Every structure is written in C-alpha cells, then in structure tokens.
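Summary of the model geometry
One letter stands for each residue in the lines below.
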Amino acid sequence: HTVTSATIATSGTDRIEAGGELLAGKRLDKARKHLDFLRTELGFSAPLVISTKNSFPSDCGIASSASGLAALTVAALGAWTDAASLGELHDAGFD
C-alpha cells in the first residue's frame, strides 16, 4: 500500500520525503530522474513537494519500486494539473 501526495513548491527544487524523512542518495536521484522524465515528456516545469509512505517491504524487489514510482507519477500529475482524482486525470487526457 502506497500513499503519496504532491503539491506545487513555492520555490526552488523538488522536496521529497519518504516515511517522514527527506530522501537522499540513490533514492533521491531515482525519484528526481523520474520527475525530470515526466517533465520532459509532458511539458511540466513546476517543482514539487512530495510526501510518500510505502508499506511494501523493501526486500520484495521490484514491487516496492514499481508501486512507489506509480504513486509518484499519479501524485505529480495531480499536482501539475490540479486534478483531485483519477477521474479528473482521465478527463485531462491522462489515461
């Protein structure tokens, strides 16, 4: 189970916390790389403040990473488009 929220940052760069702690190192690099990919592909530019909590055990391999990146994608799109639900993202053209 993953719970992720994102809002537009008032200034600066992305701020990402997981489980109440700021991301650093490889985890931060992976998240920023994914956000930069989304920005490039979809034309968004605003920095984000992201908070996430993932209950998948980290030793379950790709499942924890995949669920985290999926949640990051949906939360980022929601912030950038001001969509409050998957239905609103669909209506905005994000199927």
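Residues numbered from 1 in each chain as written. Predicted model: local features only at pLDDT ≥ 70, side-chain atom pairs only at ≥ 80, totals over all residues. Heavy atoms only, no water.

Quick word on the overall build of the protein
Of regular secondary structure, the protein possesses three helices and four strands. Listed by position from the N terminus, the elements making up the protein come as β-β-β-α-β-α-α. For the protein, the proportion of its 95 residues judged to be buried stands at 31%. For the protein, long-range pairs separated by at least 24 residues make up 68% of all intrachain contacts whose partners lie at least 6 apart in sequence. Only carbon and sulfur atoms are counted for the fraction: they give 56% of the accessible area of the protein, which is about 6100 Å². (Helix = DSSP H or I, 4+ residues; strand = E, 2+ residues; numbered from the N terminus. Buried < 20%, exposed > 50% of the residue type's maximum accessible area, 1.4 Å probe, protein only. Contact = heavy atoms within 4.5 Å. Areas by Shrake-Rupley, 256 points an atom, 1.4 Å probe, with all protein chains shown as cover.)

Comments concerning helix H1 (residues 25-42)
Its 18 residues place the ends of H1 26 Å apart at the C-alpha level, agreeing with the 26 Å of an ideal helix rising 1.5 Å per residue. For H1, the complete set of buried residues consists of Leu28, Ala31, His34, Leu35, Leu38 and Arg39. An end-on view of H1 places all buried positions within 140° of arc, on one side of the element. Across H1 from its buried face, at more than 90 degrees, point the exposed residues Lys26, Asp29, Lys33, Thr40 and Glu41. Count one or two residues on from H1 and you reach Gly43, which has phi positive near 80°. (Expected span 1.5 Å × (residues − 1). Arc of directions from axis to C-beta.)

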